Amino acid sequence: MLGANTATEKVSPIAAPARLDNFAGLPPAYIEVGNLDIFRDEDIRYAQQLLTAGVPVELHVLNGVPHGFDRIAPDISISKIAVENRIRVIKSI
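What you are looking at is a predicted structure, and each value in this text was computed from that prediction instead of being measured.

> Help me understand the overall build of the chain in this model?
The helix and strand tally for the chain stands at 3 helices and 2 strands. In the chain, the succession of α and β elements from N to C terminus is β-α-β-α-α. Considering only contacts in the chain between residues 6 or more positions apart, those separated by 24 or more positions represent 55%. About 6600 Å² of surface is accessible on the chain, with carbon and sulfur atoms providing 58% of the total. Counting 9 positive and 11 negative side-chain charges, the chain places the averaged centre of each group 3 Å from the other.

> How do you make sense of the confidence of the model for the chain when you look at a structure like this?
Low pLDDT marks stretches whose predicted atomic positions should not be read closely. In the predicted model, the chain carries a mean pLDDT of 93, and 100% of its residues have values of at least 70. At the low end of the mean pLDDT range in the chain sits helix α1 (residues 40-52), at 95; at the high end sits strand β2 (residues 57-62), at 98.

> Mind showing me how you'd approach the pattern of salt bridges here?
A side chain with one charge can pair with a side chain of the opposite charge if their charged atoms come near. Taken as a whole, this structure holds 4 salt bridges when the rule is applied. In this structure, the salt-bridge partner of E58 is R88, at a minimum N-O distance of 2.4 Å. Within this pair, whereas E58 is found in strand β2, its partner R88 is found in helix α3 (residues 77-92), the two being separated by 30 residues in sequence. Residue class for E58 comes out partly exposed when judged on its relative accessible area of 27%. One salt-bridge network, held together by shared partners, links E32, D70 and R86.

What counts and what doesn't
Residues numbered from 1 in each chain as written. Predicted model: local features only at pLDDT ≥ 70, side-chain atom pairs only at ≥ 80, totals over all residues. Heavy atoms only, no water. Helix = DSSP H or I, 4+ residues; strand = E, 2+ residues; numbered from the N terminus. Contact = heavy atoms within 4.5 Å. Areas by Shrake-Rupley, 256 points an atom, 1.4 Å probe, with all protein chains shown as cover. Lys, Arg positive; Asp, Glu negative; His and termini not counted. Charge placed at Lys NZ, Arg CZ, Asp CG, Glu CD. pLDDT = per-residue confidence, 0-100. Salt bridge = Lys/Arg side-chain N within 4 Å of Asp/Glu carboxyl O. Buried < 20%, exposed > 50% of the residue type's maximum accessible area, 1.4 Å probe, protein only.

Okay, structure coming up:
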């Protein structure tokens, strides 16, 4: 997605939300990350920044799973729960 812009100032906050300076006014967020995911800390930090700005956040840090767990093992219980949560949130929009 970032192509030649990777690791440059040309990367938009739309592509890399951690680069945002102002989180106020953003819509509510659903954030889900495995506690073994390489992006875990970044995702948690993003959720904290949203909360600090008054944005409603539903954060799930799922125990024992890495990035892409739901594609690697779609039939395990935590994957099924994650999909159910995503469907619930989408239906609430």
